[in-house]
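Here is what each chain is made of, one letter per residue.
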Amino acid sequence: MTRRTLLALVFVTATGGLAMMATDINVTPVVTEGGRVVAAFSAPTSFFEDAHDAIQSGVLMTFSYAVELRRPSTIWFDRTLAETTAAATVKFDSLTGIYQVSKLRDGRVVWSERTDKETDVRGWMMSFDQIALEPSEPLEANADYYVRVRLRMSPRRTFSIWPFGRDDGSGRKDFTFIR
Amino acid sequence: MLFDPPPPVVAPDARRRPLDNPRVLIVIALVLIGLLVGLFWLSSRTSEIPLQLSGLMLYSVLAVDLLLLVTLFFVLARNLVKLWYDQRQAAPFARFRAKLVGALLAMTIVPAVLVLLSGSEIIRGSAARWFSEPVDQLVASAQLISSRYYQDHQEATANRSRRLARTLPAKDVDAGDVTLLNPIVKAEMAGTPSGMVELYRSVTGPGGQRDVEFLLAEQASDLPPDHVRALADRLALKAVQSGHDEQTQDPLDSGGVLLRTATPILNADRTPIGAVVVSDHLDGQVKVSARRATMAFESYMQLRTFKEPILAAYLAIFAGVTLLILVSATWLGLYLSKRITRPVQKLAEGARAIGAGQLDFRLEPETSDEMGSLVEAFNMMAAELRTSRERLEQSRKDLESKNIEVDARRCYIETILDRVATGVISLDAAGNISTVNGAAERLLGLGPTAMGQPAAVVLAREDLAPLLPLVRAIWRREPRSVVEEITLARDDREVHLAAASTVLTGEDGQAEGAVLVLDDVTPLIRAQRVAAWRDVARRLAHEIKNPLTPIQLSAERMRRHFAGAAPPTWTLVDECTGAIVTEVEALKGLVDEFAQFARLRGPRMLPVDLNRLIDDTLRLYGGVLQHGTLHVERELAAGLPAVRLDAEQIRQVIINLVDNAVEALGGPAAPPRPDGEPPTIRLATTFDDRNAVVRLVVTDNGPGVPPADREKLFMPYYSTKGRGSGLGLAIVRRIVAEHGGGIEVGDARPTGTIFTVELPAA
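Computed from a predicted model, the values in this text were never measured in an experiment.

S.K.: Sorry if this is basic, but what is going on with the overall build of chain A here?
M.R.: Summing up its helical and strand segments, chain A has four helices and ten strands in all. Moving toward the C terminus, one meets the helices and strands of chain A in the order β-α-β-β-α-α-β-β-β-β-α-β-β-β. Here chain A holds 179 residues, and the buried ones make up 31% of them. Taking the intrachain contacts of chain A between residues at least 6 apart in sequence as the baseline, contacts between residues at least 24 apart amount to 65%.

Now the structure itself:
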């Protein structure tokens, strides 16, 4: 995808954004020329450290990020305009000490790499960019939107009776679309 | 066959459900068994399932657990509420079902919960023992050895690759002079038992991108031939592009693995101009052992890392099995209680229906076991009861028709008995009066209270006392039948009865009662007397009248003969002959009356208005009574029906009765009565619809007739006046009798006499 000069200026309301978003995952949304929103995000390495033992056990570990472009509503539920899922899997071979890392977009493998360097693995698992969100309707000028990223790691080391709605981490970035 | 029976009513079985079908139960049991086997299989394979799936499986099992728990509570709550409601409604067997379900639940829940608790603790304890320190060390050591072996080989290939990269002349590599390079590579391979060296030169591709060109390869003789050159090409290019070593492990189809290290060959200014790839072969046995150790290590570490969800899965499966057992046991308890109580309940309902008279009620056997046999026996009993009921019903109808017939016959006989003039009294074996017909009541003056009373007590009455010897003779039974003529004095008159008593004996010869038959022969006796008197009158008239005429003629002759005699003699003769003639005339009149009594003709009956006849007759007394003191009053009933009678004879009856009353009062100029009342004669007529008779009542307030003389009043030649023939009332009785009626005399109140003439209405 060609990245062109932005037609719109993304104005991030610092106070509101800080107040509304979670601090786990740092999200950076950018509105492109075609009206798409391209998001980049990075999760703190603490998540990887939490999953370190599980990864070292050789299990196929998956970090799944649900990325949503949403419009807030004061009287009703926030409306989701676009959503996609980005995921990264890692499988450590204890015999050779090699990590096999793959990145997936909506269930399709888009990238794969082998390495014996854990720092590279950490970067690949926790950082994503060029996550395109195609809104179902054109963005409205001077309207507020936000991009929310929710992380779910599997398998989980802990057990909860209630299987739904429990994210391992999340992040949110509010912005006002100014044409 | 008495009649066509209606089809039997089969007990409605609205509660029959699919679960009562044994096939459905077998299918459900198989499904449950399959579910249990599946849970145990899952339990045994939990560690082998990928952890991503184990989470899903865990929540699936938890969902099943939740479903089972809800089902258990629903089944328990529903049935507890139902049992409570049944007990409140006093439904049959509700208490028994509650006890049965309670016992089964107690037998199931307590052990199941204990097993669940103890089993959970055992699982937790076992999980804690899985990850002991010695096991940790053992698994880690095995993993360390295998990985170290791999890494040592990898390091060795790296060292050889680096050394060779430094040894190979950069300009020859860059020039691609294989002849110069080949001896160096062969020298490197000389001491290597199983391995391979591949040499590449860096080139620029058509698009300007960096690529590598294969120069030569040298391999050991025992290296498997199934390695792939392309992998080495890719690794060399990667090393050229990165400028540092690149390593890879390429598994071979023959089972071994090729450990490769690519080292870039640098020129003087440190630019990669090629790459050397050194490979070392590990045979399959080593690789498999190392991989096995690694897999065991990884499995162990995964178990350790994911202990909590795996343990939860085990516990969930265990809880699921327990809940499944509980649900099954609970349902089975309820089902068994229903299976036991429902047939009994249906039997009870059937018994109630049979008891209520619904004999065509039938139960449908659900099983062929003992309960089915019981239902069959119940149905047979109901059928037999129904047959017996039908026979009884038919017998009852026969008996009823016979009773109706007997009742009709009894009514007929009672009617006859009631209508006949003969009195009939029946006595039971104890001598009590059973029945008294109307004639007997009338003859003996018995009331309804006589029924059931001892005959000896009832007949002990003074006027009925002459009957007692007859009743006593009955019980002496000697002879068996007694006939007597008995005269009773009732109501100041004599009643002549021909009484016959007969003992009724049963088949065993024992006396079962007696019948007393009473015939009123009073009119017959009266008629006999009248006939006798008529005969006497005829004889008297004949015997007396014949000599009277000669006597009278002789007296008149004597008178004529002594007409010229001396006055004393004439006076004597005249006086005597005058007396003789006068008495002879009187005797002639008397004889004429006798003759008239004897020759009274039979009545010529015609319908006559009795009231008018009375008026016409009383009109004859108009001249006589006009200047007298006697009062004649009439109380003639209006609407009196016509009476068939001989008007002349009944007129004679009225005249005789009125004459008799006038005479009793002292003649037309009679003085007032001692009580100051005027002498009065009252004639009244009434109609007795019930007995179909017309009554003529002639009453006077004269001195009356003494009771002892009343019966004699109607006898010929009886007169209380001392004159006359005494035939007036005898003629009256005879006329009335020949009209089919009767005449009675009684006392008037306060004084006087009542003559009542009854004539049959037309």
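S.K.: Honestly, the sheet that holds strand 8 (residues 127-133) of chain A in this entry has me stumped. Any pointers?
M.R.: Neighbouring strands of a sheet are bound in pairs by backbone hydrogen bonds; such pairs are parallel or else antiparallel. Residue and element names in this part refer to chain A. Judged by pairing direction, the sheet is antiparallel, and its three strands sit side by side in the order 2-3-8 without closing on themselves. Lying at the two open borders of the sheet, with one neighbouring strand each, are strand 2 (26-31) and strand 8. Shown here is a sheet whose adjacent strand axes are inclined to one another by a mean of 20 degrees, direction ignored. In terms of strand pairing, strand 2 meets strand 3 (residues 37-42) through six bridges, oriented antiparallel. In the sheet register, proline 29 faces strand 3, and the bridge partner there is alanine 39.

S.K.: Explain the pairing of strand 17 (residues 693-700) of chain B to me, please; I cannot follow it from the model alone.
M.R.: Looking along a regular strand, one sees the side chains alternate between the two faces of the sheet. Residue and element names in this part refer to chain B. Bridge count for strand 16 (residues 680-688) against strand 17 is eight bridges, and the pairing is antiparallel. Residue pairing in the sheet places alanine 684 in a bridge with valine 697 of strand 17. Taking the residues between adjacent antiparallel strands as the criterion, strand 16 and strand 17 are bridged by four residues, where alanine 692 takes a positive phi near 55 degrees. Pairing analysis gives eight bridges linking strand 17 to strand 19 (residues 753-760), with the strands arranged antiparallel. Within strand 19, the residue paired with aspartate 700 across the bridge is threonine 753.

S.K.: Where do I start with the interface of chain A and chain B in this structure?
M.R.: The partner chain B presents 23 residues to the 18 residues of chain A that form the contact. Looking at which element gives the most residues to the side of chain A that touches chain B, the answer is helix 3 (residues 52-56) of chain A, with three residues. Looking at side-chain class alone, the side of chain A that touches chain B contains seven nonpolar, eight polar and three charged residues.

S.K.: I tried to follow helix 8 (residues 284-305) of chain B on my own but got confused; where do I start?
M.R.: Because the α-helix completes a turn every 3.6 residues, residues three or four places apart line up on one side. Compared with the 32 Å implied by 1.5 Å per residue over 22 residues, the 30 Å span of helix 8 of chain B between its first and last C-alpha is a close match. Within the sequence span of helix 8 of chain B, burial applies to Lys287, Ala290, Ala293, Thr294, Phe297, Glu298, Tyr300, Met301, Gln302 and Thr305 of chain B.

S.K.: How should I be thinking about the confidence of the model for chain B in this particular structure?
M.R.: Low-confidence regions, as indicated by low pLDDT, have predicted coordinates that should not be scrutinised in detail. The predicted model of chain B averages 82 in pLDDT, with 93% of residues at 70 or higher. Reported for the predicted complex are a pTM of 0.48 and an ipTM of 0.70.

S.K.: Explain the nonpolar core to me, please; I cannot follow it from the model alone.
M.R.: Counting residues in hydrophobic clusters, the biggest one holds 43 residues, and the most contacted among them are Val653, Leu657, Ala661, Val698, Ala730 and Val732 of chain B. Here this core takes nine residues from helix 18 (residues 647-665) of chain B, the largest share from any one element. When residues of this core are assigned to domains, at least three map to each of domain 4 (527-598) and domain 5 (606-760) of chain B. Non-local contacts of valine 732 of chain B, meaning those with residues more than four positions away in its chain, are made with Val653, Asn656, Leu657 and Ile743 of chain B. Judged by nonpolar contacts, the second largest core, of 38 residues, contains Phe92, Tyr99, Met126 and Val149 of chain A.

S.K.: I'm lost on unusual backbone geometry in this one. Help?
M.R.: Negative phi is the rule for most residues except glycine; trans is the rule for most peptide bonds. With omega at 0 degrees, the peptide bond leading from serine 154 of chain A into proline 155 of chain A counts as cis. Relative to the assigned elements, proline 155 of chain A resides in the loop between strand 9 (143-154) and strand 10 (169-178). Phi is positive for arginine 270 of chain B, which is not a glycine, with a value near 65 degrees. Mapping arginine 270 of chain B onto the fold places it in the loop between strand 5 (257-266) and strand 6 (272-282). Take arginine 270 of chain B: there are 8 C-beta atoms within 10 Å of it, and that puts it in the exposed class. Backbone geometry places alanine 692 of chain B, a non-glycine residue, at a positive phi of 55 degrees. Structurally, the position occupied by alanine 692 of chain B is in the loop between strand 16 and strand 17.

S.K.: How should the sheet that holds strand 8 (residues 423-428) of chain B be read in this particular structure?
M.R.: Residue and element names in this part refer to chain B. Pairing is antiparallel across the open sheet formed by five strands, whose spatial order is 9-8-12-11-10. In this open sheet, the two edge strands, each paired with only one partner strand, are strand 9 (433-436) and strand 10 (481-490). Averaged over all adjacent pairs, the angle separating strand axes in this sheet is 20 degrees, with direction ignored. Bridge count for strand 8 against strand 9 is three bridges, and the pairing is antiparallel. Considered in strand 9, the bridge of serine 426 is made with threonine 435. This element, helix 13 (residues 468-476), spans strand 10, strand 11 (493-505) and strand 12 (511-520) of the sheet and lies at about 10 degrees to strand 11.

S.K.: Got a minute to help me understand the packing of helix 3 (residues 94-130) of chain B against helix 9 (residues 307-355) of chain B in this structure?
M.R.: Each pair of packed helices can be described by the angle between their axes along with the distance between the axes. Residue and element names in this part refer to chain B. At their nearest, the axes of helix 3 and helix 9 sit 9 Å apart, and the two run at 165 degrees to each other. Between helix 3 and helix 9, the angle falls in the class roughly antiparallel. Seen from above, helix 3 lies across helix 9 with right-handed handedness.

S.K.: What is the right way to read helix 14 (residues 522-561) of chain B from this model?
M.R.: All names here are of chain B. Between the first and last C-alpha of helix 14 there are 56 Å, a value that for 40 residues agrees with the 58 Å anticipated at 1.5 Å per step. Of all the residues in helix 14, the buried ones are Arg526, Val530, Trp533, Ala537, Ala541 and Ala555. Where helix 14 is buried, its residues touch helix 15 (567-598) and helix 20 (728-738).

The rules we used
- Residues numbered from 1 in each chain as written.
- Chains lettered and ligands numbered in written order.
- Predicted model: local features only at pLDDT ≥ 70, side-chain atom pairs only at ≥ 80, totals over all residues.
- Helix = DSSP H or I, 4+ residues; strand = E, 2+ residues; numbered from the N terminus.
- Buried ≥ 20, exposed ≤ 12 C-beta atoms within 10 Å, placed from the backbone.
- Contact = placed C-beta atoms within 7 Å.
- Pairing = 2+ DSSP bridges.
- Axes fitted to C-alpha atoms, helices over the stretch in contact; angles between N-to-C directions.
- Nonpolar A, V, L, I, M, F, W, Y, C, P; charged D, E, K, R; others polar.
- Expected span 1.5 Å × (residues − 1).
- pLDDT = per-residue confidence, 0-100.
- Core = buried A, V, L, I, M, F, W, Y, C linked by C-beta atoms within 7 Å.
- Domains from an automatic or database assignment.
- Parallel < 35°, antiparallel > 145°, perpendicular 65-115°, else oblique.
- Left-handed = near helix turned anticlockwise from the far one by under 90°.

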